[in-house]
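The lines below spell out each chain.
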Amino acid sequence: MAQAVGLGRLPAPLSEENKAWMTNQLESYSTWQMNAAGLGRALYILAAVVFSAVVCFEQYSKRKERLSKVPPGPFQWPYLGSLPYLIRTVGLRSSTRLREKITELAMKHGPLMFLQIADTQIVVVSSGKIAKEVLVAHDAEFYFRPRCLVGKYLGFDSTNMAFAEGRNHWRLRQLCDKHLFLPECFASYGHVQKQEAEKMLHSVWEATKRGENISVRHTVITFARNSLCRMLLGTAHLDIENTSLEFNKETLITLLDEAFAVAGETTLIDLTPGLNWLDFHGREQKMKYLRRRLEKYFQEILDDRSQRLDRSEPEAFVDVLLSLDEDKTLSDEAMMGVLLDTLVAGTYSISASVEWALTELVRNPTMLENVQNEITQVVGPHHIVEVTEFSQLSYFQAIVKETLRLHPAMPMSIPHMNKVATPLSSYEIPPNTSVVVDYAAIGRDSEIWPNPLDFDPRRFTDTDAASQIDSFKFLPFGYGRRVCPGANLGLRLLQLGLAHLVQGFDWIPIEGQLPHDIDIKESSGAICFKSTPLILRAIPRLASTLYEI
Ligand code: HEM
């Protein structure tokens, strides 16, 4: 046995047998250790799997329970909903087929459809019966508007009429109803509307003398925009040659056209705030820039009108707004919002409707002849039709109503929204759901309208349109608290414009086209125009003195 100085007795070296035994023990220990670690890991994985399964199951059950309460709709992926399908069929940043696709899906899934797109829930209503529940029984619940980029920028932080809510909305509507939209108010601007209609007649006549074809859309937009601008902003600034101020007619036309184009182009990104970060094309930047220009433009008008205001005799609606608001309860933004709202909503919806009516009349020459004969019978050959004569023109009125049924200028409502869970039919609509009423689908419902896609004014010759609206058979102006406030004014200008064009001219397709070559494809966008502008030949049919102004 070895002896080391100061270390005491050292253990004897291991025998070969012991060494082997130890190695064996160590090996089995490390195998055991490895097995234990593996087991731990396995248990950990198992726990994670069980936990995930429980969470998934819970999520699945919740989702199943939630989906069992909401109306039917297309297949929904967890978190993404129907986004992948819509991206595939419509595209993320395209507005072209979105409305069409939604209507198509609703035809497949029923008159009350639920659509989940990422973080946004949408309900689409396409029958009059359910629309009545939304707009009458639950009008107070579905009266709100979802937040969106258009409301933020072009609605001047949702202070305008289309996006304001609660007291602010109610106040704006009261004010506009009382000073602009009541028949006796807009009738007081009758001379302005008449002058603009006569100017339109004159401009078409001049174009026929030059042998030009007529762009009906351009002609009617000019008439509607000029009429509304003069009623809302006054005549002065439209004609003024004032180099120190930015406002002039050209600026206004550009701004309104841009606002109309931007506001109408709803894409999937607009519908779903959670996808706003995908706005690589800078739509938000475009709106921001447009809002700055609109603000500058309208501020100059407000300042200018405030200075020149003769409080005893307001010339235009803007003067009424300013004189009513000496206590400053209406912000400048709210005034700008209302002016922009009414100019854009009014100009383009009236023009789209007149263009559709004339499209159908040229496609059906007998109807055009019949309506011209009726106007000649009632009005005679020596003067141009007056607003007071419209009530005697029953066939003409039927044409207007049939146009609004088959081609409503605003085919879908601006989205409504509920803030609390709301029962609808036998379902429950979760809070913060956007509710879109498909007004076009209601007017084309084959259960109510036989051959719904045929343009047939006889549907309205013997019936009272108001009762059709009250029974929710067609709703061109919406209904309830969000009903179009400009419906009566819109109808008046639509009739005025159409009656002048139809009385003043025979309308025929341009050379090389037959009546039925004129297509009735619809544009995308919130306001639905014919997809290609209507270009026609006009042939004067009255004594030339009637076209002079
Ligand atoms: C043929 C003419 C017109 C048609 C077919 C039409 C149709 C409509 C429709 C369907 C709505 C949406 C209702 C909803 O959200 O459920 C609406 C709203 C609106 N319209 Fe019209 N409109 C016309 C003319 C006008 C005119 C001339 C003006 C103003 C001068 C106007 C101003 C508005 C405004 C401000 C709103 C938003 C109302 C709110 O949210 O409280 N519209 N319109």
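The model shown is predicted, which means the values in this text are computed figures rather than measured ones.

Draft legend 1. Summary view of the sheet that holds strand 11 (residues 535-540). Taken together, three strands build an open sheet; the order of strands is 5-11-10 and the sheet is antiparallel. The open sheet is flanked by strand 5 (214-215) and strand 10 (505-509), the only strands paired with a single partner. Here strand 10 pairs with strand 11 via five bridges, running antiparallel. When the bridges of strand 11 are listed, Ile508 appears paired with Arg537. Together, strand 10 and strand 11 form the strand contacts of helix 15 (residues 332-363), whose direction differs from that of strand 10 by roughly 75 degrees.

Draft legend 2. Inspection of the pairing of strand 11 at higher detail. Both strand 5 and strand 11 contribute to a ladder of two bridges, which runs antiparallel. Pairing of Ser215 across the sheet is with Ile535, part of strand 11.

Draft legend 3. View of the UniProt feature "binding site: heme" (unreviewed entry) in the protein. UniProt's feature table lists "binding site: heme" (unreviewed entry) at Cys484, given in the numbering used throughout. Tracing the sequence through the fold places Cys484 in the loop between helix 19 (465-470) and helix 20 (487-504). Using a count of 21 C-beta atoms within 10 Å as the deciding quantity, one classes Cys484 as buried. Apart from residues lying up to four places away in sequence, Cys484 is in contact with Phe477, Gly478 and Gly490.

Draft legend 4. Structural view of the packing of helix 8 (residues 190-209) against helix 20. Two elements in contact, helix 8 and helix 20, have axes whose closest approach is 10 Å; the angle formed by their N-to-C orientations is 35 degrees. Pair helix 8 / helix 20 crosses with right-handed handedness. Residues Gln193, Ala197, Met200, Leu201 and Val204 of helix 8 form the contact with helix 20, whose own contacting residues are Leu493, Leu496, Gly497, His500 and Gly504. Class assignment of the residues belonging to the contact of helix 8 with helix 20 gives a composition of six nonpolar, four polar and no charged.

Draft legend 5. Structural context of the site of the ligand. Not every one of the 26 residues close to the ligand is listed here, only the nearest: Gly346, Gly478, Cys484, Gly486 and Gly490. Of all elements in the fold, only helix 15 and helix 20 reach the threshold of two or more residues within the shell around the ligand. By residue number, the principal contributor to the shell around the ligand is helix 15, which donates seven residues. Looking at side-chain class alone, the shell around the ligand contains 16 nonpolar, eight polar and two charged residues.

The rules we used
Chains are numbered independently. Their residues run from 1 in the order of the written sequence. At least 70 in pLDDT is required for a residue's local features to be given in this predicted model, at least 80 for side-chain atom pairs to be given and counted, and no such filter applies to totals for whole chains, interfaces and linings, which use all residues. A pair of strands is labelled paired if DSSP reports no fewer than 2 bridges between them. Helical segments are the DSSP runs of H or I of at least four residues, strand segments are the runs of E of at least two, and each set is numbered from the N terminus. The contact criterion used is a C-beta to C-beta distance within 7 Å, with each C-beta placed from the backbone. Note on geometry: axes are C-alpha line fits, over the in-contact stretch for helices, and angles between N-to-C directions span 0 to 180 degrees. UniProt positions are given in the numbering used here, feature names are shortened, and annotations may be inferred rather than shown by experiment. Counts of 20 or more other C-beta atoms within 10 Å of a residue's own C-beta define buried residues, counts of 12 or fewer define exposed ones, and intermediate counts define partly exposed ones; C-beta atoms are placed from the backbone. Crossing handedness is defined as follows: a turn of the near helix away from the far one that is anticlockwise and smaller than a right angle gives a left-handed crossing, while the clockwise case is right-handed. Each residue is assigned to one class: nonpolar for Ala, Val, Leu, Ile, Met, Phe, Trp, Tyr, Cys and Pro, charged for Asp, Glu, Lys and Arg, and polar for all the others, Gly among them. Residues are counted as near a molecule or strand when the C-beta atom, derived from backbone positions, lies within 6 Å of that molecule or strand.

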